[in-house]
Amino acid sequence: MKYYSLNKKAPNTTFEEAVVRGLAPDKGLYFPESITPLEASFFENIEDKSNAEIALEAIRQFIVPEIPEDILKTIVEGTLSFDFPVVEINKNISTLELFHGPTMAFKDVGARFMARCLGYFNKTNTNDITVLVATSGDTGGAVANGFLGVKGVNVVILYPSGKVSDIQEKQLTTLGQNITALEVDGVFDDCQDMVKQAFMDKELTSKMQLTSANSINIARWLPQLFYFIFTYKQLKSKYKDIAFSVPSGNFGNICAGMVAQKLGLPVKHFIASNNANATVVNYMLSQTYSPKPSIQTISNAMDVGNPSNFIRIQELHNNDFETLKSNLSSFSYTDNETREALLELYSDFNYVADPHGAVGYLGAKDYLKNNEAHVVFLETAHPTKFLDVVEDVIKENIDLPPQIEAVMDKEKVATKIGTYEELKGFLLK
Ligand SMILES: *Cc1c(COP(=O)(O)O)cnc(C)c1O
């Protein structure tokens, strides 16, 4: 499979090069040259297959033979060593819990898959690859954990000092080995700017192979299509029309669901559920795309004013607004509405959600006002990762899961930096 740049000013390339580069030389996102639907029998007999078998069949065309099938099988099995349960909320709404991985965020799937692919490609290289990431919270932990111990790959994570939760900081700073945490005196945008500057620094990039690990990278983006198919496997005997409500920030997750749909997965509709960062909601109303600076909210992993994957969503719908509109609805919610949804889920259905899942629940309810379907909202993080907000709303303490408890006792190790020159000095040393 070849990949092309959505800016159309760079040569087509291989899976390997697209993964190692992250972004095309013309700064465009990579996109697969074709998406061939799976055989109808794949969906007819899905109950008989394990998650790893489903995932392998679904992603094979994008990756084999550049990664041989038997190795891809090992990568998929290693990535998916936890559960993806669908929990029924009521007769019209269920939730897909994506927080059973090691850092309790859905990003575990993409990060673990990408780490294994890079590890495979870099096995025979003598030069290490450096993965450079800026994080406002969840990405850093999932990437750090996913890449831990992968030979030939060093991970450097920049996070804003005092701006991530205690749990998130522990997940970033206690692993050691090939993972280094840099505590930046600044906010998330400063971390992001430093990372961008590093990628554009010719002196630096001539001396080391740098890559990114956000959902721009196809190896982190594509495997997110797996769990939409796992949901179908669990619900197909019960519900005919299934729609997905996806709490969205950079729109990588929902876009991967749309790739699953292109593969033949029966999905009635997608709902992009947003917090106050409503760039896509406004686009769907006005057909004018105007990115905005991000607004801080209690569902902070979705505080994105210019979603990088939206361009991939448009490509999947042939850049045709009417086609997109028939497949995607989009809603935006305030923090107060999100808190009310958390409380409603808890008091009416005895379900403890996190703020991102609560936004997804609100999207599901709004869609159901005018449509019939069974709507599955994605629970993208475990509620303990947003402990302050959740406990304050439901007025109960929630127990720390073992994955989280294990890191809380470990000692933080981070190097403080304040300027780009300090980052560069650190990388070159
Ligand atoms: C990253 C993240 C999101 C947003 O996912 P996108 O793929 O960027 O749209 C939603 N919820 C949580 C908890 C996240 O960490």
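This text goes with the structure placed above it.
Residues numbered from 1 in each chain as written. Predicted model: local features only at pLDDT ≥ 70, side-chain atom pairs only at ≥ 80, totals over all residues. Heavy atoms only, no water.

(A) Structural context of the packing of aromatic side chains. Applying the stated criterion across every chain yields a total of 21 aromatic pairs. Arranged with centres 6.1 Å apart and planes meeting at 75°, the rings of Phe-113 and Phe-226 form a pair that is edge-to-face. Of the two residues, Phe-113 is situated in helix α5 (residues 107-121) and Phe-226 in helix α11 (residues 226-235); the sequence distance between them amounts to 113 residues. A single burial state applies to Phe-113 and to Phe-226, both of which are buried. Centroid distance Phe-228 to Phe-270: 6.3 Å. Interplanar angle 65°. Geometry classified as edge-to-face. With Phe-228 in helix α11 and Phe-270 in strand β10 (residues 269-274), this pair connects stretches of sequence that are 42 residues apart. Like Phe-270, Phe-228 is buried. (Phe/Tyr/Trp six-rings, centres within 6.5 Å; stacked < 30°, edge-to-face > 60°. Helix = DSSP H or I, 4+ residues; strand = E, 2+ residues; numbered from the N terminus. Buried < 20%, exposed > 50% of the residue type's maximum accessible area, 1.4 Å probe, protein only.)

(B) Representation of the nonpolar core within the structure. The biggest cluster of nonpolar side chains holds 102 residues, and the ones touching the most others in it are Phe-147 and Leu-225. Not counting the four nearest positions on each side in its chain, Phe-147 is found in contact with Ala-111, Met-114, Ala-115, Leu-118, Val-131, Val-153, Val-155, Asn-178, Ile-179 and Ala-213. Of all hydrophobic cores here, the second largest spans 32 residues; its members include Ile-89, Ile-167, Tyr-333 and Val-393. (Core = buried A, V, L, I, M, F, W, Y, C linked by side-chain atoms within 4.5 Å. Contact = heavy atoms within 4.5 Å.)

(C) Structural detail: the pairing of strand β7 (residues 179-184). In terms of burial, β7 is largely enclosed, as five of its six residues are buried. In the sheet, strand β6 (residues 153-160) pairs with β7 via six bridges, with the strands oriented parallel. Bridged to Tyr-159 within β7 is Glu-183. After leaving β6, the chain enters helix α7 (residues 166-173) and then returns to the sheet as β7, a path that is right-handed. Looking at chain direction, β7 and strand β13 (residues 415-417) are connected through three bridges and run parallel. Bridge pairing in β13 links Glu-183 to Lys-416. (Pairing = 2+ DSSP bridges. Right-handed = clockwise from strand over helix to strand, strands pointing away.)

(D) Here's a closer look at the sheet that holds β10. The strand order across the open sheet formed by six strands is β3-β4-β12-β9-β10-β11, and the pairing between neighbours is mixed. Only two strands of the sheet have a single partner each, and these edge strands are β3 (86-88) and β11 (328-332). The average angle at which neighbouring strand axes cross in this sheet is 25°, direction not considered. Packed onto the sheet, helix α12 (residues 252-262) meets β9 (242-247), β10, β11 and β12 (374-379) and runs at close to 175° relative to β10. Lying on the sheet, helix α13 (residues 279-286) is in contact with β10 and β11; it crosses β11 at an angle near 125°. (Axes fitted to C-alpha atoms, helices over the stretch in contact; angles between N-to-C directions.)

(E) Representation of the sheet that holds β6 in the model. Strand order in this open sheet of five strands is β8-β5-β6-β7-β13, and the pairing throughout is parallel. In this open sheet, the two strands that pair with only one neighbour each are β8 (209-211) and β13. Each adjacent strand pair in this sheet contributes to an overall mean axis angle of 30°, direction not counted. Where strand β5 (residues 129-134) and β6 come together, six bridges link them in parallel fashion. By the bridge assignment, Ala-134 is partnered in β6 with Leu-158. Across the sheet, helix α8 (residues 188-200) is in contact with β5, β6, β7, β8 and β13; its angle to β5 comes to roughly 150°. Helix-sheet contacts for helix α20 (residues 420-428) involve β5, β6, β7 and β13, and the interaxial angle to β13 is about 140°.

(F) View of unusual backbone geometry. In this model, Val-64 is joined to Pro-65 through a cis peptide bond whose omega is 10°. Topologically, Pro-65 is positioned in the loop between α3 (51-63) and α4 (69-79). Within the chain, Lys-8 stands out as a residue other than glycine whose phi angle is a positive 60°. Counting through the fold element by element, Lys-8 comes out in the loop between β1 (3-5) and α1 (15-21). Backbone geometry at Asn-319 places phi at a positive 50°, although glycine is not the residue there. Here Asn-319 lies in the loop between α14 (310-316) and α15 (321-327).

(G) Just the site of the ligand, in detail. Near the ligand lie 15 residues; those nearest to it are Lys-107, Gly-249, Asn-250, Phe-251 and Thr-380. Lys-107 is positioned such that a nitrogen or oxygen atom in its side chain is 2.5 Å from an oxygen atom of the ligand. With respect to the ligand, the side chain of Asp-138 contributes an N or O atom lying 3.4 Å from an oxygen atom. Here the ligand has 380 Å² of accessible area as a free molecule, and 97% of this is covered by the chains. Looking at the shell around the ligand residue by residue, the classes come out as six nonpolar, seven polar and two charged. (Near = heavy atom within 4 Å. Polar contact = N/O pair within 3.5 Å; in protein donor to acceptor, adjacent residues only side chain to side chain. Areas by Shrake-Rupley, 256 points an atom, 1.4 Å probe, with all protein chains shown as cover. Nonpolar A, V, L, I, M, F, W, Y, C, P; charged D, E, K, R; others polar.)

(H) A look at α4. The complete set of buried residues in α4 reads Leu-72, Ile-75, Val-76 and Thr-79. Each buried residue of α4 sits inside an arc of 95° when the element is viewed along its axis, so together they form one side. For α4, the exposed residues set more than 90 degrees away from the buried face come down to Asp-70 and Thr-74. Elements that come into contact with the buried residues of α4 comprise α3, α5 and α11. (Arc of directions from axis to C-beta.)

(I) Local environment of the packing of α5 against helix α6 (residues 138-147). Where α5 meets α6, the closest approach of the two axes is 8 Å, and the angle between their N-to-C directions is 40°. Between α5 and α6, the crossing angle belongs to the class labelled oblique. As for the relative orientation of α5 and α6, their crossing is right-handed in sense. Contacts from Lys-107, Asp-108, Ala-111, Arg-112, Met-114, Ala-115 and Leu-118 of α5 reach α6 at Asp-138, Thr-139, Ala-142, Val-143, Gly-146 and Phe-147. Split into classes, the residues belonging to the contact of α5 with α6 amount to seven nonpolar, two polar and four charged. (Parallel < 35°, antiparallel > 145°, perpendicular 65-115°, else oblique. Left-handed = near helix turned anticlockwise from the far one by under 90°.)

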